[in-house]
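# Coordinate inspection notes
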Amino acid sequence: MDTLATTSYQTVLNTVRQWPPDRRFALVQDVINTLASEVAHPRPRHKTLEKALGLLATDQPAPSDAEIQQWLDEHRMEKYG
């Protein structure tokens, strides 16, 4: 900021510091509302769930609980002996 802008900013800030808290809070809300239209729009949402389901899609049936338990047991035997 140049000197004039810094001086104006400081003048406004010093004035606002003298206000009661509820009035300062109202000013903050108003300033934020002025930014709402200028803030970058959020990124478009991607179809992440559909992509994840597509990655998981298979033409094989899901393993049974017994098969999963057998795999876990085999893994534990390899790991722990």
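Residues numbered from 1 in each chain as written. Predicted model: local features only at pLDDT ≥ 70, side-chain atom pairs only at ≥ 80, totals over all residues. Heavy atoms only, no water.

### Thoughts on the confidence of the model for the protein chain
The predicted coordinates of low-pLDDT regions are not to be read in fine detail. What counts here: What pLDDT reports is the predictor's confidence in each residue, on a scale of 0 through 100. Labels follow the DSSP assignment, with helices taken as runs of H or I lasting at least four residues and strands as runs of E lasting at least two, numbered in each case from the N terminus.
Averaged over every residue, the pLDDT of the protein chain is 88; residues scoring 70 or more account for 99%. Considering each helix and strand of the protein chain separately, the mean pLDDT is smallest for helix α3 (residues 48–56), with a value of 84, and largest for helix α4 (residues 65–80), with 95.

### Quick notes on the pattern of salt bridges
Opposite charge on two side chains lets them pair, provided their charged atoms get close. Definition in use: Take a side-chain nitrogen of Lys or Arg and a carboxyl oxygen of Asp or Glu: if they are within 4 Å of each other, that pair is a salt bridge. For the exposure calls, accessible area comes from a 1.4 Å probe over protein chains only, and a residue counts as buried if that area is under 20% of its type's maximum, exposed if over 50%, partly exposed in between.
Counted according to the given criterion, the structure contains one salt bridge. A salt bridge links R76 to D73, with the shortest nitrogen-to-oxygen separation between them at 3.8 Å. Of this pair, R76 and D73 both sit in helix α4, three residues apart, roughly one helical turn. Taking the relative accessible area as the measure of exposure, R76 reaches 42% and is therefore partly exposed. Judged by relative accessible area, which is 37%, D73 ranks as partly exposed.

### Some thoughts on the packing of aromatic side chains
How two aromatic rings sit relative to each other is set out by the distance from centre to centre and by the angle between their planes. The line we're drawing: For Phe, Tyr and Trp, where Trp contributes only its six-membered ring, two rings pair if their centres lie within 6.5 Å, and the inter-plane angle classes them as stacked under 30 degrees, edge-to-face over 60, or tilted in between. Sitting over a ring, as applied to charges here, requires NZ of Lys or CZ of Arg to be within 6 Å of the ring centre and within 35 degrees of the ring normal.
In the structure shown here, the tally under the stated rule is zero aromatic pairs. The residue whose ring lies beneath R23 is W19, and the NZ or CZ to ring-centre distance is 4.0 Å.

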